[in-house]
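# Structure assessment
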Amino acid sequence: MSNSLVIVLVVVGCILLAVANLTLWASRDVFNADRFGDHVAEGLQSDAASQALAEVAVQRVVENHPNFPPLARTPAEEIVTWLLQRPVFIPVFERSAAAAYTVMTTSAEDVIGIDMSAMISNVGPQIVGVVTAIDPEAGANIQAALDSAQESGPLVVYESGRFPRLRGLANAVPWIWPLTGLGAIALLGVTYWMAKSRRSELLAIGIGVLVVGLLTLLLIPALQAPVRNNISNPEMQIVVSQVLAEFTWGLAIQSLIVGLIGLALIVVSRFLPRAGAQA
């Protein structure tokens, strides 16, 4: 097999491997409704996302009730941050995730946000109870503010029409990854078994596989940027960044494994006999 043909087969095989890696991750973590909801809930309950959501939620309450005690704002944000990380909020976040998944994978148009009413019904009694124990009048003001804010609509993450639409990709990825994965294995396997020098061909395959893993790791920020940058609110950018980190963690692990496989092939190739020794 000529060197030029080896290079072509390795390059095409590695391209198929890269596509298989990306689409396998998308099939498992993005276009799977259950895992999608889990990732959204985990991201929203991270420290940074919970704090950002608490700041936005308390700001909404303050805007709807000018009598909200200024001194109560910081303690309220701290309490809300803590409460948002409790298991009671998982169903609230999963409902938001279900709405986002529907918009992403169908032709539906809707605002993507977090139900303010559900948030208040979960955290309101605790906040009011703590403040009332210290200052009954302030507690009454906060209760009035919360009642007002419950009617103010959801905390908007994405306005209608701005969330990524991936309906076609959602239908395609379940069969793209197995086909491209098998194609990559077949091409790289043929390259190895038909090689004049299995040592050099295995080295080339190992380098190619290692490059695929490393390039995919470097690609992750580029995948996150369009989703994050389509949001104008700085706090919601933090929230979405945390959710994206949860989603792309699986891709990072997959790509690291691919890179380690490539590295292992490179190491193994060093122990194979050279072409002259084989002859």
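Up top is the structure.
Only a predicted model underlies this, so the values are computations on that prediction, with no experimental measurement involved. (Residues numbered from 1 in each chain as written. Predicted model: local features only at pLDDT ≥ 70, side-chain atom pairs only at ≥ 80, totals over all residues. Heavy atoms only, no water.)

As a further point, take the packing of aromatic side chains. Scanning all chains against the criterion turns up 3 aromatic pairs. Taking the centre distance of 5.0 Å and the plane angle of 55° together, the rings of Phe36 and Phe247 count as tilted. Of the two residues, Phe36 is situated in helix α2 (residues 33-44) and Phe247 in helix α10 (residues 234-269); the sequence distance between them amounts to 211 residues. Classification of Phe36 by relative accessible area gives buried; the value is 5%. Seen from their ring centres, Tyr192 and Trp193 are 5.1 Å apart, and the 75° between their planes marks the pair as edge-to-face. Among the residues examined, Tyr192 registers a relative accessible area of 19% and is labelled buried. What makes Trp193 exposed here is its relative accessible area of 58%. (Phe/Tyr/Trp six-rings, centres within 6.5 Å; stacked < 30°, edge-to-face > 60°. Helix = DSSP H or I, 4+ residues; strand = E, 2+ residues; numbered from the N terminus. Buried < 20%, exposed > 50% of the residue type's maximum accessible area, 1.4 Å probe, protein only.)

To continue, consider the pattern of salt bridges. Tallied over the full model, the rule gives 2 salt bridges. Put simply, Asp29 and Arg35 hold a salt bridge, and the shortest N to O gap is 2.6 Å. A single salt-bridge network, built from bridges that share partners, covers Arg28, Asp29 and Arg35. (Salt bridge = Lys/Arg side-chain N within 4 Å of Asp/Glu carboxyl O.)

What follows deals with helix α9 (residues 198-229). In this model α9 runs 47 Å from its N-terminal to its C-terminal C-alpha over 32 residues, within 8% of the 46 Å that 1.5 Å per residue would give. In the structure, α9 departs most strongly from a straight axis at Leu219, where the bend amounts to approximately 30° and where the proline Pro221 lies between one and four residues downstream. If you follow the buried residues of α9, they end up packed against α1 (3-30), α8 (167-193) and α10. (Expected span 1.5 Å × (residues − 1). Bend = angle between axes of the 7 residues up to and from the residue. Contact = heavy atoms within 4.5 Å.)

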